[in-house]
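# Fold and geometry: a report
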Amino acid sequence: MGNNLKAIVAFVPSSKCQKYLLEDLEEMPVDKMVDMSGRQLRRLPLHICSFRELVKLYLSDNNLNHLPPELEQLQNLQILALDFNNFKALPLVVCTLKQLCILYLGNNKLCSLPLELRLLQNLKTLWIESNCLQYLPEVVCELSLLKTLHAGSNALRTLPPQLQCLQELRTIWLSGNLLSEFPPVLLNMPFLEVIDVDRNSIRFFPSLAHLPGLKLVIYDHNPCRNAPKVAKGVRRVGRWSEETPEPRKRSGAVIDITLDEKPLLPPAAKTKPEAEPC
C-alpha cells in the first residue's frame, strides 16, 4: 500500500506531497548523498535541487522520463544514477553537471546520446548498458578521462575508430550486442586492461598478444572456432581458454577467476550503485 501511495503522490506537486516523498528530508544530508531509488517516482522532487552541496544522487529504479531544469543547481554532484527508469533521451540538464565523474544510464530506452555530453569532461565511468543503442555515439569518444565504459546488452554492430582516442580507458564491457567481428579499434588500444565481448556473434578472434596492458578478456558464448591469443599472464574466459601460453592447471572449459578479478556487475535494481572513487 505504501508504494502505491507514493506512486500516486509522485504526481502531486504540492509541498506536503514533496515532503512525504522525501520522508522529512528537509536539510542537506551530512554525507551529501540522497538515495531516492525504488520510490516509483514520476518526477523529481524539486526540494532536492536546493541541496547545492550534494555530491551523490541515486534515482535508480523509478518511472522518470524527464528531469527539471532546477537540477542544474547541483554543480557539486559527482555521482548520478538514473538507471532503471524510462528515459528515451538523456535530459540536457544532466550535461550541465560538469563535476560528474560517474553516470549510470543503464536499463532505459536510450537510442542516442546528445552532443552536449562532451561537456562532462570529468566523467570517468559511464554505464549505458541495456538500452536501444544500435551504434556507440561518437560523443563518448570525446570524454577524455573515461576509464570504464559499460555498453553491454544493446544492439551494437561495430565501434567507432575514434574510440582509440580514449587513452585513459581501461575497461570496456560489450557483452550481449550484435558484433559479428572483433572490433578492430580495440586492437589499437594497448592501454586496455579488461575486454568483455561475451554473447556476441564473433566467429574469429585476432591475436591480442600485442596488448601490453591486457589482464582479462571475456569472449564466451560466441560462435568462434578459435580462442584469442594473449600474452603470458592474461586471463581468458571462453571456449579453449585453458590452452594458454602460460602452463596452468586445467579447470574445465572456463578459466577460474579469483574473486578480486571478477568483473563488476551493473548496478542492480532497487540497490544504489557502488560509489567508485573519482
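Residues numbered from 1 in each chain as written. Predicted model: local features only at pLDDT ≥ 70, side-chain atom pairs only at ≥ 80, totals over all residues. Heavy atoms only, no water.

Looking at an unreviewed UniProt entry, one finds the chain named Leucine-rich repeat-containing protein 10 and attributed to Lepidothrix coronata.

### Observations concerning the pattern of salt bridges
Two side chains of opposite charge can pair, provided their charged atoms sit close to one another. As enumerated under the stated definition, the model contains three salt bridges in all. The partner of Glu142 in a salt bridge is Arg118, and the shortest N-O contact between them spans 2.8 Å. With Glu142 in the loop between strand E5 (125–127) and strand E6 (148–150) and Arg118 in the loop between strand E4 (102–104) and E5, this residue pair connects regions lying 24 residues apart in the sequence. Judged by its relative accessible area of 34%, Glu142 falls in the partly exposed class. On the basis of relative accessibility, which here comes to 34%, the residue Arg118 falls in the partly exposed class. Across the salt bridge formed by Arg199 and Asp198, the nearest N and O atoms sit 3.7 Å from each other. (Salt bridge = Lys/Arg side-chain N within 4 Å of Asp/Glu carboxyl O. Helix = DSSP H or I, 4+ residues; strand = E, 2+ residues; numbered from the N terminus. Buried < 20%, exposed > 50% of the residue type's maximum accessible area, 1.4 Å probe, protein only.)

### Thoughts on the side chain of Asp198
As for its position among the elements, Asp198 is in the loop between strand E8 (194–196) and strand E9 (216–218). Setting aside anything within four residues of it in sequence, one finds Asp198 in contact with Leu174, Ser175, Gly176, Ile218, Tyr219, Asp220, His221 and Asn222. (Contact = heavy atoms within 4.5 Å.)

### Concerning the packing of aromatic side chains
For the structure on display, the rule yields three aromatic pairs. On the basis of an interplanar angle of 65 degrees and a centroid distance of 5.4 Å, the ring pair of Phe205 and Tyr219 is categorised as edge-to-face. Of this pair, Phe205 sits in the loop between E8 and E9 while Tyr219 sits in the loop between E9 and strand E10 (235–237), and the two are 14 residues apart along the sequence. Tyr219 gets classed as buried once you look at its relative accessible area, which sits at 1%. Through a chain of ring-to-ring contacts, the aromatic side chains of Phe182, Phe205 and Tyr219 assemble into a single cluster. (Phe/Tyr/Trp six-rings, centres within 6.5 Å; stacked < 30°, edge-to-face > 60°.)

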